[in-house]
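# Geometric and topological summary
This is what each chain is made of:
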Amino acid sequence: MSSSMLPIVDNIPVKYVNEPVPPMDRPRRFLEVFAAVLKHSSYSYLLDHFARVAAKCGMCAVECPVYQATGRTQDVPCARSGLLLDVYRRHFTAEGRLLARLAAAPPLSSADIDKMAEAFYRCTACRRCNLECPMGLDHGLLTHLGRYILSEMDIAPKALVVSVREQLAGKSGNTSGIPVAALLDTLSFLEDDLKEKFNRDIKFPVDVEGAEYVFFPAVSDYLLEPDVLMGQAAVFHATGDSWTIGTGNYDGINYGLFYNDRFLEDIVKREVAEVRRLKGKKILVGECGHASRTAKGFVPTYGGENPPPVVNILEYTDRAIQEGKLKLNPDAIKERVTYHDPCNYARSGWIVEQPRRIIRSFIKDFVEMEPHGKHNYCCGGGGGTVSIDEMRDFRTKIGGKRKAEQLRATGARYVIAPCANCKKQLKEVIEDHKVDIELIGLHDLILRAIEFKG
Amino acid sequence: MDTLIEFGRGPLFRFAVALAVLGLIRLAVLSLWGMRQILRRAGDKRPLDLGAIVQRTFVNLNPVRYFRGNRGLYSAVSTLFHVGLILVPIFLAGHIRLWRRGVGIGWPALPASLADALTILTLVTGALLLVGRAWYVASREMSRVQDWLLPLLIAFEFLSGYLLAHPASNPLDLQLVTFLHVGVGDLLLIVTPFTKIAHCALLPFSQLVSEMAWRFVPGAGHEVVKTLGKEGQPI
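Residues numbered from 1 in each chain as written. Chains lettered and ligands numbered in written order. Predicted model: local features only at pLDDT ≥ 70, side-chain atom pairs only at ≥ 80, totals over all residues. Heavy atoms only, no water.

## Focus on the overall build of chain B
If you tally the helices and strands in chain B, you get 12 helices and zero strands. When its helices and strands are written in sequence order, chain B yields α-α-α-α-α-α-α-α-α-α-α-α. A globule of 235 residues ought to have a C-alpha radius of gyration of about 18 Å, yet chain B, at 22 Å, is considerably larger. Taking the principal axes of its C-alpha atoms as reference, chain B extends roughly 75 × 45 × 35 Å. (Helix = DSSP H or I, 4+ residues; strand = E, 2+ residues; numbered from the N terminus. Rg over C-alpha atoms; globule rule 2.2 N^0.38 Å.)

This is the structure we're talking about:
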């Protein structure tokens, strides 16, 4: 721990240590961090624009699943964004500073910071509000920025910090602490299982140089989702395309998206470095929503010259079916199935139709939730909140309330939830709301239905 | 009072218009410049899908899509409010005469009956929006001073304008109503670039700004850490 003396404040010498910052210094620290972020990033242009157009009409509230469950003003997206925009206006714009002097407005306080910390983590960052804001404000981005500023003053959920710490500075280099030996054991076990199922040598290639695809699932899949992984390996066996898992980095998870741009960048760079190490051609991300979004959205930003293209496994499998390389037994799944759209790739419209084409190619009884696609409701555990176990009650009873209602309304036997985080959250929603439905991944079902030629 | 009215219609009006127009142009230019800076500094050099962004802009601006669902009524009322709000100040015959006198330019006017109808529409819908803002908890608790004051001032403008156009219906002193109408009108123009009324110039850029803003600056996070003196600190 380092410490240094700050200037005397009110004749009280204040020592600065790594954690925590004494309460009287928090407002100053917040503003220092905010100023540093504005200096080095492009957020100020965004804040200037949004600060001017916000109409406080409340249209965003209508679409927010958290607000719909709580009815509390603090959960209105515009109110939450306003917490940060007010600080920006008051402390970082000439007009704001002038008006504050004229109106004797109070400066930022420690209580305001607490309010922001709570507000930004009550948000699931699902960005549903963006669809309805008539002024086009991106409240999800403002939540992202708010969390980033707070994190640089060491206000961040422990679960996210611990995971990122292990991924960037720990021995295993991944969020679940899975060492390479355990990974290889797991893959060997899955290969044996696939041999038993299909009487074929379906492999998980490791450290293959020059492969078309370098695979980055959510690393927790190696612990929790064997059927998903086996389904994906089976798809590659059917198509014959070259792919590999790299032992230098096999974790697509990127919690930097949820709270800190520095970590977002570092984790993306590690992904790209692994692809370059293996001389791979493309990044293939698993079903995980945020892992897909961070790769797709930020590899072009942080991936240097000629960054590798990013493909999601659902895109890959969809194309394989369209090209006739993958055959699925249409009688394998007789039960009614519904599909949950992960926000991180459905909200932008990137992955909406692909899973539906896959599902319709072999599942007869498919029913949509309403709304679905781009307008889906968040599982309730978005924005990294699913990793915060202490928030379970809030996540399932508040954030997940709408989702539970949707699930019940479909009458489905299975809900397909591709994203790893959505899976955890929906399992808890199903349990806490006692919904009679089973959660499954898409490649789990593909594993049951896949048919090989010859 | 005549002197003040003439001042309000003359030099003050010209000043207010200049401030409003130049202020809005400034904001639009700053917004465009900001977007240029974002793209220049962004690590992601892929071309923007401008077609999709323009489409989203028009979709977002299209009030009809909001007419269904939970805020359908609000959207319909707000749309009708904006129709009168935009058309009447620009195309009212009396205002065009003011423009001709003040800056020497004019254009065709609305028929008087249509102007009257739009004025009443704006008054009624403005009142409904205010009631809606007060009734809907989310907007009521978030509202700032300007969110209450601006609709009231706008409603006052339209009401006073209607009374001026129909002296027989005006129970108040004509000079007083004229003075207040001119004064509040100039005030609304002056505050335009400094309040949310600026959305009239900035709204078309919102989708573009939101799209671009996710194009972060490579290395920014580490520069922030250096600036804060946190280099080398463990996660």
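Here the narrative resumes.
## Topic: the pairing of strand E5 (residues 282–285) of chain A
Consecutive residues of a regular strand have side chains that alternate between opposite faces of the sheet. Note: strand E3 (residues 213–216) of chain A against E5 of chain A, four bridges, orientation parallel. By the bridge assignment, Tyr213 of chain A is partnered in E5 of chain A with Lys282 of chain A. (Pairing = 2+ DSSP bridges.)

## Overview of the nonpolar core
All names here are of chain A. Counting residues in each nonpolar core, the largest one holds 152 residues, and the members touching the most others are Phe30 and Tyr222. Top element by residues in this core is helix H2 (residues 43–53). It accounts for seven residues. In contact with Tyr222, not counting residues within four places along its chain, are Ile178, Leu183, Thr186, Leu187, Phe215, Pro217, Leu229, Ile245 and Tyr250. Val62, Cys64, Cys78 and Ile398 belong to the second largest nonpolar core, which has 17 residues in total. (Core = buried A, V, L, I, M, F, W, Y, C linked by side-chain atoms within 4.5 Å. Buried < 20%, exposed > 50% of the residue type's maximum accessible area, 1.4 Å probe, protein only. Contact = heavy atoms within 4.5 Å.)

## Here's the deal with the interface of chain B and chain A
Facing the 58 residues of chain B at the interface are 67 residues of chain A. Our enumeration of links across chain B and chain A arrives at two salt bridges. For Asp154 of chain A, the salt bridge identified is with Lys230 of chain B, shortest N-O distance 4.0 Å. For the interface between chain B and chain A, the tally reads 17 residue pairs in polar contact (both at pLDDT 80 or more). Those elements that place two or more of their residues in the side of chain B that touches chain A are helix H2 (11–41), helix H4 (72–91), helix H7 (137–142), helix H10 (199–202), helix H11 (206–213) and helix H12 (220–227) of chain B. With eight residues, the top contributor of residues to the side of chain B that touches chain A is H2 of chain B. Looking at the side of chain B that touches chain A residue by residue, the classes come out as 26 nonpolar, 18 polar and 14 charged. (Salt bridge = Lys/Arg side-chain N within 4 Å of Asp/Glu carboxyl O. Polar contact = N/O pair within 3.5 Å; in protein donor to acceptor, adjacent residues only side chain to side chain. Nonpolar A, V, L, I, M, F, W, Y, C, P; charged D, E, K, R; others polar.)

## Let's talk about the packing of helix H15 (residues 261–277) of chain A against helix H16 (residues 289–302) of chain A
Residue and element names in this part refer to chain A. Contact geometry for H15 and H16: axes closest at 9 Å, N-to-C directions at 85°. Taken together, the axes of H15 and H16 are roughly perpendicular relative to one another. Residue-level inspection shows Asp261, Leu264, Glu265, Val268, Lys269, Glu271 and Val272 of H15 in contact with H16, the latter providing Thr294, Ala295, Phe298, Val299 and Tyr302. Along the lines of polarity and charge, the residues of the contact of H15 with H16 split into seven nonpolar, one polar and four charged. (Axes fitted to C-alpha atoms, helices over the stretch in contact; angles between N-to-C directions. Parallel < 35°, antiparallel > 145°, perpendicular 65-115°, else oblique.)

## Notes on the pattern of salt bridges
Residues and elements named next belong to chain A. What the rule picks out here adds up to 45 salt bridges over all chains. Of the charged contacts in the structure, one is a salt bridge between Arg26 and Asp114, with a shortest N-O distance of 2.9 Å. Placement of the pair is Arg26 in helix H1 (residues 26–40) and Asp114 in helix H7 (residues 110–122), with a sequence separation of 88 residues. Of the charged contacts, one joins Lys325 and Glu323 as a salt bridge, the two residues approaching to 3.3 Å between their closest N and O atoms. Here the salt bridges do not stand alone but share partners, grouping Asp389, Arg392, Arg395, Lys424, Glu428, Glu431 and Asp432 into one network.

## Concerning the confidence of the model for chain B
Residue and element names in this part refer to chain B. Model confidence for chain B is summarised by a mean pLDDT of 88, while 96% of its residues fall at 70 or above. Put simply, helix H3 (residues 50–61) is where chain B has its lowest mean pLDDT, 80, and H12 is where it has its highest, 96. Here the predicted complex scores 0.90 on pTM and 0.87 on ipTM. (pLDDT = per-residue confidence, 0-100.)

## Re the sheet that holds strand E8 (residues 337–339) of chain A
Residue and element names in this part refer to chain A. The strand order E9-E8-E10-E11 describes an open sheet built from four strands, whose pairing is parallel. Only two strands of the sheet have a single partner each, and these edge strands are strand E9 (366–367) and strand E11 (438–440). The pairing of E8 with strand E10 (residues 414–416) spans three bridges and is parallel. Of the residues in E10, the one forming a bridge with Thr338 is Val415.

## Remarks on the state of the cysteines
Residues and elements named next belong to chain A. If you walk through the whole model with that rule in mind, you get zero disulfides over all chains. Considering cysteine sulfurs only, Cys343 is the nearest to Cys126, which forms no disulfide, with 4.9 Å between them. No disulfide involves Cys419; its sulfur sits 3.7 Å from that of Cys422, the nearest cysteine. Judged by its relative accessible area of 4%, Cys419 falls in the buried class. (Disulfide = S-S within 2.5 Å.)

## Looking at the environment of Arg36 of chain B
Along the chain, Arg36 of chain B turns up in helix H2. With 176 residues separating them along the chain, Arg36 of chain B and Met212 of chain B place their C-alpha atoms 9.5 Å apart.

## Things to note about helix H11 (residues 180–198) of chain A
Side chains three or four residues apart in an α-helix point the same way, a direct result of the helix having 3.6 residues per turn. Residue and element names in this part refer to chain A. The end-to-end C-alpha distance of H11, which contains 19 residues, comes to 27 Å, matching closely the 27 Å that a straight helix rising 1.5 Å per residue would cover. What H11 keeps buried is the set Leu183, Leu187, Leu190, Glu191, Leu194 and Phe198. Buried residues of H11, viewed axially, fall in a sector of 105°; they line one side. H11 presents Ala181, Asp185, Phe189 and Glu196 as exposed residues on the side facing more than 90 degrees away from its buried surface. Buried residues along H11 sit against helix H12 (221–224), helix H13 (226–239), helix H23 (442–449) and strand E12 (450–451). Just downstream of H11, Asn199 is the residue with a positive phi angle, here 55°. (Expected span 1.5 Å × (residues − 1). Arc of directions from axis to C-beta.)

## Examining the packing of H2 of chain B against H11 of chain B
Residues and elements named next belong to chain B. One can describe the packing of H2 onto H11 by two numbers: an axis separation of 10 Å at closest approach and a directional angle of 20°. The orientation of H2 with respect to H11, classified from their angle, is roughly parallel. Here H2 and H11 pass one another in a crossing that is left-handed. Packed against H2, whose contacting residues are Ser31, Met35, Ile38 and Leu39, the element H11 presents Leu208, Val209 and Met212 at the interface. Looking at the contact of H2 with H11 residue by residue, the classes come out as six nonpolar, one polar and no charged. (Left-handed = near helix turned anticlockwise from the far one by under 90°.)

## Observations concerning a nonpolar patch on the surface
Residue and element names in this part refer to chain B. Among the surface-exposed residues, Met1, Phe156, Leu176 and Leu180 lie close enough to one another that they form a single nonpolar patch of about 310 Å² accessible area. Take Phe156: it is sitting in helix H8 (residues 145–165). Assessed through its relative accessible area of 30%, Phe156 is described here as partly exposed. (Patch = residues over 30% accessible without salt bridge, like charges linked within 9 Å, V, L, I, M, F, W, Y side chains within 5 Å. Areas by Shrake-Rupley, 256 points an atom, 1.4 Å probe, with all protein chains shown as cover.)

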